[in-house]
Amino acid sequence: MNTVSIIGTGYVGLVTGTCLSEFGMNVTCMDVDERKIEKLKEGILPIYEPGLEQLYEKNYSSGRLKFSTDIKEAVDYSTIIFIAVGTPPMEDGSADLQYVLSAARSIAENMDGYKVIVNKSTVPVGTGKRVKSTIEKVLCRRKVNYKFDIVSNPEFLREGAAVRDFMHPDRIVIGTESEEAKNIMRNIYNVLYLIDTPFVFTNLETAELIKYASNAFLATKIGFINEIANLCDAIGANVNDVSRAMGMDGRIGKYFLHAGPGFGGSCFPKDTKALVNIGNEYDTEMSIVKSVVSSNENQKRFMIEKILCAMGDLRGKVIGVLGLAFKPETDDIREAPALSIINELIKQGARVKVYDPIAMDNARKYAFYEMKSIDAGYDFKSHVGDDVSLVYCSDEYQVAEDAHAIVIVTEWNQFRNMDLLKMKSLMRGNFFFDLRNVYERSKVEKCGFIYTGVGR
Ligand SMILES: NC(=O)c1ccc[n+]([C@@H]2O[C@H](COP(=O)([O-])OP(=O)(O)OC[C@H]3O[C@@H](n4cnc5c(N)ncnc54)[C@H](O)[C@@H]3O)[C@@H](O)[C@H]2O)c1
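Computed from a prediction, not measured in an experiment: that's the story for all the values here.

Student: Hey, could you go over the overall build of the protein chain for me, with residue numbers and the actual values?
Tutor: A tally of regular secondary structure across the protein chain gives 18 helices and 15 strands. Its C-alpha radius of gyration of 24 Å places the protein chain within 12% of the 23 Å reference for a compact globule of 456 residues. Its C-alpha atoms give the protein chain principal-axis dimensions of roughly 75 × 45 × 40 Å.

Student: So what's going on with the domain arrangement of the protein chain? Residues and values would help.
Tutor: Under the domain assignment, the protein chain is made up of domain 1 (3-202) and domain 2 (210-456). Its C-alpha centre places domain 1 at a distance of 33 Å from the equivalent point of domain 2. Partitioned by chemical class, the residues of the side of domain 1 that touches domain 2 number 13 nonpolar, four polar and three charged.

Student: I'd like to hear about the packing of helix H10 (residues 204-235) against helix H13 (residues 287-311), residue by residue, with values.
Tutor: One can describe the packing of H10 onto H13 by two numbers: an axis separation of 9 Å at closest approach and a directional angle of 50°. Taken together, the axes of H10 and H13 lie oblique to each other. As H10 packs across H13, the resulting crossing turns out to be left-handed. Across from Ala216, Ala219, Thr220, Gly223, Asn226, Glu227 and Asn230 in H10, the residues of H13 making contact are Ile288, Val289, Val292, Ser295, Asn296, Gln299 and Phe302.

Student: An account of the site of the ligand is requested, with residue identities and associated values reported.
Tutor: What surrounds the ligand is a group of 26 residues, the closest being Gly8, Gly10, Val12, Ser121 and Thr122. Of all the secondary-structure elements, those providing two or more residues to the shell around the ligand are helix H1 (11-22) and helix H5 (98-110). Each residue belonging to the shell around the ligand can be placed in one class, and the counts come to 11 nonpolar, 10 polar and five charged.

Student: Tell me about the nonpolar core, and name the residues and values.
Tutor: Ile7, Val354, Ile406 and Val407 are the most contacted members of the largest nonpolar core, which totals 126 residues. With nine residues, H10 is the largest single contributor of residues to this core. The two domains that each donate at least three residues to this core are domain 1 (3-202) and domain 2 (210-456). Not counting residues up to four positions away in its chain, the partners in contact with Ile7 are Met30, Ala74, Ile81, Phe82, Ile83, Ala84, Val85 and Ala103.

Student: So what's going on with the sheet that holds strand S12 (residues 390-392)? Which residues, and what values?
Tutor: The seven strands lie next to each other as S11-S12-S10-S9-S13-S14-S15, forming an open sheet whose pairing is parallel. Each edge of the open sheet carries a strand with a single partner, namely strand S11 (373-375) and strand S15 (450-452). Averaged over all adjacent pairs, the angle separating strand axes in this sheet is 20°, with direction ignored. Bridge analysis of S11 against S12 gives three bridges, and the strand direction is parallel.

Student: Quick rundown of the packing of H1 against helix H3 (residues 52-62)? Include the residues and the values.
Tutor: The axes of two packed helices give the description: the angle between them and the distance between them. Closest axis-to-axis distance for the H1/H3 pair is 9 Å, and the angle between their directions is 60°. Overall, the two elements H1 and H3 adopt an arrangement that is oblique. Every pair of crossing elements has a handedness; the one defined by H1 and H3 is left-handed. Touching Val15, Thr18, Cys19, Ser21 and Glu22 of H1 are Leu52, Leu55, Tyr56 and Asn59, all from H3. Across the contact of H1 with H3, the residue classes tally to five nonpolar, three polar and one charged.

Student: Summarise the environment of Phe432; cite the residues concerned and give the values.
Tutor: Within the secondary structure, Phe432 is located in strand S14 (residues 431-434). Spatially, the C-alpha atoms of Phe432 and Asn190 are 50 Å apart, while their sequence positions differ by 242 residues. Beyond its immediate sequence surroundings of up to four residues, Phe432 is in contact with Ile406, Val444, Phe449, Ile450 and Tyr451.

Student: How would you summarise unusual backbone geometry if you had to cite specific residues and measurements?
Tutor: The backbone of Lys143 shows a phi angle near 60°, a positive value even though the residue is not glycine. Residue placement: Lys143 occurs in the loop between helix H6 (127-141) and strand S6 (148-152). Looking at Lys143, the number of C-beta atoms within 10 Å reads 6, which means it is exposed. Look at Asp283: it is not a glycine, yet its phi comes out positive at around 55°.

The rules behind the values
Residues numbered from 1 in each chain as written. Predicted model: local features only at pLDDT ≥ 70, side-chain atom pairs only at ≥ 80, totals over all residues. Helix = DSSP H or I, 4+ residues; strand = E, 2+ residues; numbered from the N terminus. Rg over C-alpha atoms; globule rule 2.2 N^0.38 Å. Domains from an automatic or database assignment. Nonpolar A, V, L, I, M, F, W, Y, C, P; charged D, E, K, R; others polar. Axes fitted to C-alpha atoms, helices over the stretch in contact; angles between N-to-C directions. Parallel < 35°, antiparallel > 145°, perpendicular 65-115°, else oblique. Left-handed = near helix turned anticlockwise from the far one by under 90°. Contact = placed C-beta atoms within 7 Å. Near = placed C-beta within 6 Å. Core = buried A, V, L, I, M, F, W, Y, C linked by C-beta atoms within 7 Å. Buried ≥ 20, exposed ≤ 12 C-beta atoms within 10 Å, placed from the backbone. Pairing = 2+ DSSP bridges.

Spelled out as structure tokens, the structure:
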């Protein structure tokens, strides 16, 4: 019982596997991505997540944490198999289940006795049942009749605080129809049970919906405060004070009330769209969530309008963007607002200099690989006539050199206390767009900048 296998070794799978091994379990993390598994075997983490490296090193060297590309090895290894593969959005917004169902098929091809298959991926309501029938079909074809149970155990960790969240969750949700599986799951999370973590036991469909409802609600809070911020801009109010005062009301709560350039990341954008889709499938209008999806798109566009409104024509202008990750303390750039903002700035004729403390490699590899770019350190002025659109810099001060404007898109701590006089002296212009409201307007203006925040 103290062995676990994880299928899919991404942000969720790797954090889950590493933390469970820290809880004293023997864990095999399996992935189809050979390079990823090779790296992990060589001692290199494929993602950045605070606190993960230490736990990984400790448990990998002790032999409790193993990595493999062999599904048979993973299925043989344990009775409990977590599925933590991606569920990216399809063109119509619905979740693409091909990876979940393919993982289910390969588990079924290899199982040789009772298994508990735990779905940790975020999946539409009804997926647990689909996984069950997928496995049944394969077992039937194999002419074997092994017993198995399906559990939905959605994950609520936040990137950037994933280890902490996994170790100290607000709740554990377990959806299953099987008493045996329920007891097995309680044992898996016994360490958390002992520190009084609340458990919610429910059926498969409810557990699946809890995850979408939670993410959509948090996204709604962000969308709501962003709209209030836009209204604050129009009427001269201060959104920081509005959200602080709102948050003091225990019924509202202070979290997820920070105005900004719109939410991004691998979860909120896709999960809100998927929930709208689930509603469509069951003939239930998700009108609030639908509005959140469109208001978030508007918010990103509105950031460009702010820049255009202050600076006018962007052709020939150099704009420094600070932060590429969708939030601080992660290297994840999936759906990051910075990406659409940068693309639009370039479309408007600007050249963009960028820096992020951790996400530069991902941006090069996955976001801007088709764009003509150079590394700073080249004499940027000598490239003025070129069609170079993007310049990768090594810190915020290099970004400032020759820039007409600075735009803070991700609120890394490193950007919260910059030497503004130094920045200003390096720049050609004096526009300062603080899309995360991390600076006091008066402090920035004192240094000679024209300040624009979001809703204040
Ligand atoms: N990232 C988050 O913050 C977060 C938080 C909560 C829930 N989730 C959900 O968890 C799931 C995983 O998200 P993620 O961010 O870890 O994804 P990810 O893209 O980082 O990792 C998914 C991994 O699954 C692997 N994979 C795909 N098909 C496979 C197969 N058949 N067998 C083995 N491995 C396979 C991929 O190679 C990849 O390494 C998603 O459903 C997501 O919505 C994510």
